[in-house]
Each structure stands twice: as C-alpha cells, then as structure tokens.
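Tertiary structure, described
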Amino acid sequence: MKFFRIHRRPQAENRHQGTTGKPGFLRVLPVALILSLILFLPRLAAHEMQPAYLELSESPDQTISVTWKLPYFKGKPLPIAPAFPDDWENLTEPNTSPLGNALLIRWKVNPGPSPLDGSSISIDGPRSRLTDVLLRANLQDGRSVTRVLRPEAPAATIQFDAEQSTLLWDYIVIGVEHIIFGYDHLLFVLCLVLIVRDRWTLVKTITAFTLAHSVTLGVATLGWMEIPGPPVEAVIALSILFLARELIVRTDENPGLTERYPWLVALSFGLLHGFGFAGALSDVGLPEDQIPLALLNFNIGVELGQLAFVAVAIALTTLTRKISPKINEAAFKPIVYATGIIAAFWCVERISGFWA
C-alpha cells in the first residue's frame, strides 16, 4: 500500500509554476510552525541542555569525595550548585578544570553526624536554569545508588537499601529527552519522512537508521572506538544539508540517491548519528556496575522519542492533507529551505568550533 503519491512536475516547469501543481511529497504545515520557532530561539542550538553530573563517594576515613560536572550554557557554566546537609563541612577547596563542554569541580567534605546513607541532596539555582542532574552515590563497601534530579523535583534522599528499579525509567527518560530536544537528529528523521514514498519503505528506512546508530552508540559508549566529537557533529549537520538539497533538486525523472536507496543512506548516516548519541550519553555518565542496562535503556528512550516524532509528523500530515492538499503543497518548500538554512548554520558553527 502506498503511503502517499508523488506528482511533481519536471524541475524546469516547476520554476514557473511555483507550488500550484498537484500535491507532491509528504508536506507538513504544522512542522513548519515548529521550524519557525526553532529559527527564533534565542540560541540556535542542535542539542538540548546537557544534564549535570554529581558523584559522592565515601572514603575509608569516612570523608566524602565530591565530583560535580557542570554543563555550559551560552559559553558559561549553569548557575546551579549542589546543596548538602547543614552539618556537612568542606575539607578542601574546590579544584576546577574544564572538561569539553562542561566544568569539572572536585573537593572533599566531612559529613559529620550525617552520613551519606540517609542524607538529603538537592540542587539550588534559578528554576529556569535548572537541568537534569544525574546523582551517583557510592559507599566504601561497594554499594551504590543512582538517581536523576529534575527541575520539578530537584532533591532526593540517598537510601542504599532502596530498590534500583528507577534506573530503568531514568535512562529511558534521558534518551527520550535527548532525541526530542536534539533538533539535528529530528531534522534528519523529518527529511527521511519527506523523501520516502510508501509506508513499508519508510519502516525499513527508519529501522536501518535505528540499527546503525544503535551499533555505534554501543561501540563508542563501551570504549571500543573513539571519534572526536566536533567532526562528528559537523558531519551530522552536513547529513541534514545533504537530504534537504535532495528534496529541493529532485524531479520525477531524476530522483535523488536517498529516494532510490533510502535504507542505504539512512544506514550510512545512522552510524555517524550514533557517535553523536554516544557523546551525549558520555556527558550524562553511566553507572559502572550497570553499564549494559543503562545503555540499553538510553537507546530504548531514543527510539521511543524517534518513533513518537515520526508518528506525530505522519498524523499531522494526514490531517492537513484531508483538510486541503494545498496546505501541504504550500508548506513543503518553506520547511525544506528552513531545514537547509539551519543545517548550513550548524555546519559553519561546528566547523569553526574546531579551532575554538
């Protein structure tokens, strides 16, 4: 069964006819509104706010070593900080060092009469600037606990005897958040949806993309292969620009490479996108004793977010097509050009970042 039909005039004729012809590719007016919002964001960025990371490790002398990884926002560290029980006292001055797109701060505290087990930890800062914080606490006897502190619930009580079932949900949520707010990955998927003709081909294409980035996500996260982040991010932006160009220049007589071999293109670029996902996951951090489970859950979250985006795009497109085919016809070029402009901006920004 065909998912939709393509009735495009030859390119030479289209230059004179504009968008008054019959409905062509899958064209999404509601998505154009989303892209317009992206264009007017105060900071045009490709990724969501990266989570912060707080690790508390108990030492044999009963002191606690603190590791605080604070992400940057607009070139500055987020104005947030961990808040400990009142009777905890700093034993050393914070040792600060840059670490990629984050600031790494280490120091030691004396918990006094309030041991790590049972203590309440919270995150202080302006609510609009709060981000998710992955909290990892370790006792010297080997027990550990992982929690995710969110802006709406920025506090937690450390309980080492509590069940760790929340780890499953936490990493799934982090994966969903990464794909939903990772605009570059979403724009790539949107271009695939616009190019692919029928439902079964779309399923195979998205599956190829999923399998490819799942492989490289696991390989990179487990440390079997390492590729510098900036070049990967630049090529991801180029992949979006490549698809946007194919959408603009293709004709019925001269379909693009992606239209002819969608699964192959999705598979190839999916390998690169997987390294991008791995970079985001390394920024979050993984519990050393549960890396396979956390990695699997993060990937499940990414796929759930991706499938949700595809489902919404298809549903909105179907709705607008039933209302009036002219809506989708008029929205197609603005969507594709907006996507290409954003991708080109990211290319320049990321390549220039090589020397920053």
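Our subject in this report is the structure included herewith. None of the values given here were measured: they were computed from a predicted structure. (Residues numbered from 1 in each chain as written. Predicted model: local features only at pLDDT ≥ 70, side-chain atom pairs only at ≥ 80, totals over all residues. Heavy atoms only, no water.)

**Observations concerning helix α4 (residues 183–195)**
Where we set the bar: A run of DSSP states H or I qualifies as a helix once it reaches four residues; a run of E qualifies as a strand once it reaches two. Both are numbered from the N-terminal end. Each residue after the first adds 1.5 Å to the expected span of a helix. Note on exposure labels: buried denotes an accessible area under 20% of the residue type's maximum, exposed denotes more than 50%, and partly exposed covers the range between, all computed with a 1.4 Å probe on protein chains only.
An ideal rise of 1.5 Å per residue puts 18 Å on 13 residues; α4 measures up with 18 Å between its terminal C-alpha atoms. With 12 of 13 residues buried, α4 is to be regarded as a mostly interior element. For α4, every residue scored as buried is listed here: D184, H185, L186, L187, F188, V189, L190, C191, L192, V193, L194 and I195.

**Some words on the packing of aromatic side chains**
We apply this condition: Pairing of aromatic rings covers Phe, Tyr and Trp, the last counted by its six-membered ring, and requires centre-to-centre distances within 6.5 Å; plane angles under 30 degrees mean stacked, over 60 mean edge-to-face, and any other angle means tilted.
Inspection of every chain in the model, using the stated rule, returns 5 aromatic pairs. Ring plane angle 35° and centroid distance 5.1 Å describe the contact between F84 and W88, whose orientation is recorded as tilted. In this pair, the class of F84 matches that of W88, namely buried. In textbook terms, an aromatic cluster arises when at least three aromatic residues are bridged by ring pairs, as seen for F188, F209, F242 and F269.

**Quick look at the packing of α4 against helix α6 (residues 229–249)**
For any two helices packed against each other, the geometry is given by the interaxial angle and the distance between the axes. So the rule is basically this: Whenever a helix is involved, its axis is fitted only over the stretch in contact; in every case the axis is a line through C-alpha atoms, and angles between N-to-C directions fall within 0 to 180 degrees. Orientation is classified from the angle alone, with under 35 degrees giving roughly parallel, over 145 giving roughly antiparallel, 65 to 115 giving roughly perpendicular, and any other angle giving oblique. By the definition used in this description, the sense in which the near helix is turned from the far one sets the handedness, with an anticlockwise turn below a right angle giving left-handed and a clockwise turn giving right-handed. By definition in these notes, contact holds between two residues if any of their heavy atoms fall within 4.5 Å.
Contact pair α4 / α6: the axes reach a minimum separation of 9 Å and the direction vectors enclose 25°. Considering their axes alone, α4 and α6 lie roughly parallel with respect to each other. At the point where α4 passes α6, the crossing takes the left-handed sense. Contacts between α4 and α6 involve D184, H185, L187, F188, C191, L192, L194 and I195 from the former and E233, I236, S239, I240, L243, A244 and L247 from the latter.

**Some details on the environment of G125**
On the secondary structure map, G125 appears in the loop between β8 (120–124) and β9 (133–138). In the structure, G125 is positioned 46 residues away from P79 in sequence and 6.0 Å away in space, judged by C-alpha atoms.

**Here we look at helix α5 (residues 199–221)**
With 23 residues, α5 ought to run about 33 Å at 1.5 Å a step, and its terminal C-alpha atoms sit 32 Å apart, in line with that. Taken together, the buried positions of α5 are occupied by L202, T205, I206, A208, F209, T210, A212, H213, T216, L217, G218 and A220. Where α5 ends, the next residue or the one after it, G223, has phi of about 85°, a positive value.

**Considering a nonpolar patch on the surface**
The condition is simple: Patch definition: residues above 30% relative accessible area lacking any salt bridge, with like charges linked at up to 9 Å and the nonpolar side chains Val, Leu, Ile, Met, Phe, Trp and Tyr linked at up to 5 Å. Methods summary: accessible areas were calculated by the Shrake-Rupley approach with a probe of 1.4 Å, and residue burial reflects only the protein chains presented. Only one rule defines a salt bridge in this text: a Lys or Arg side-chain nitrogen within 4 Å of an Asp or Glu carboxyl oxygen.
Taken together, the side chains of F242, L257, Y261, W263, L264 and L267 present a nonpolar region at the surface, about 520 Å² in accessible area. Residue placement: F242 occurs in helix α6.

**Examining the pattern of salt bridges**
Taken as a whole and judged by the stated rule, the model has 3 salt bridges. For the salt bridge of D132 with R150, the shortest nitrogen-to-oxygen distance reads 2.8 Å. One end of the pair, D132, is in the loop between β8 and β9; the other, R150, is in the loop between β10 (144–149) and β11 (155–157), and 18 residues separate them in sequence. Judged by its relative accessible area of 9%, D132 is buried. Between E233 and R350 there is a salt bridge, with the nearest N and O atoms lying 3.6 Å from each other. On the criterion of sequence distance, the pair formed by E233 in helix α6 and R350 in helix α10 (residues 325–352) is long-range, its members being 117 residues apart. Note on accessibility: E233 and R350 belong to one class, buried.

**As for the nonpolar core**
Short version of the rule: Only buried residues count toward a nonpolar core. Its members are Ala, Val, Leu, Ile, Met, Phe, Trp, Tyr and Cys residues joined through side-chain atoms within 4.5 Å.
F188, V189, L202, L243, L247, F298 and V310 are the most contacted members of the largest nonpolar core, which has 51 residues in total. Put simply, the parts of the chain that give this core at least two residues each are α3 (166–181), α4, α5, α6, α8 (262–284), α9 (291–323) and α10. It is α4 that contributes the most residues to this core, 10 residues altogether. The contact partners of V189, leaving out residues within four places of it in the chain, are I206, F209, Q306, F309 and V310. Within the second largest apolar cluster, 27 residues are counted, among which are L54, V109, L116 and A156.

**Examining the sheet that holds β8**
Put simply, the test is: Two strands pair under a simple rule: DSSP has to find at least two bridges between them.
Ordered by their spatial adjacency, 3 strands build an open sheet running β4-β8-β11, and the pairing between neighbours is antiparallel. Each edge of the sheet is formed by a strand with only one pairing partner; in this case those strands are β4 (81–83) and β11. Neighbour to neighbour, the strand axes of the sheet diverge by 20° on average, direction disregarded. Examined bridge by bridge, β4 and β8 share 3 bridges and lie antiparallel to one another. Bridging across to β8, A81 finds its partner in D124.

**Let's talk about the side chain of H213**
You can see H213 is positioned in helix α5. The residues touching H213, leaving out its near neighbours within four places in the chain, are G270, L271, H273, G274, F277, N299, V302, E303 and Q306.

**A closer look at the side chain of H273**
Our working rule: Pairing of N or O atoms within 3.5 Å defines a polar contact, subject to two protein rules: one partner must be a possible hydrogen donor and the other a possible acceptor, and residues neighboring in sequence count only if both atoms are side-chain atoms.
In this structure, H273 sits in helix α8. Only 2.8 Å separates the side chain of H273 from the side chain of H185, close enough to count as a polar contact. Beyond its immediate chain neighbours, meaning those up to four positions away, H273 contacts D184, H185, F188, F209, H213, I236 and S239.

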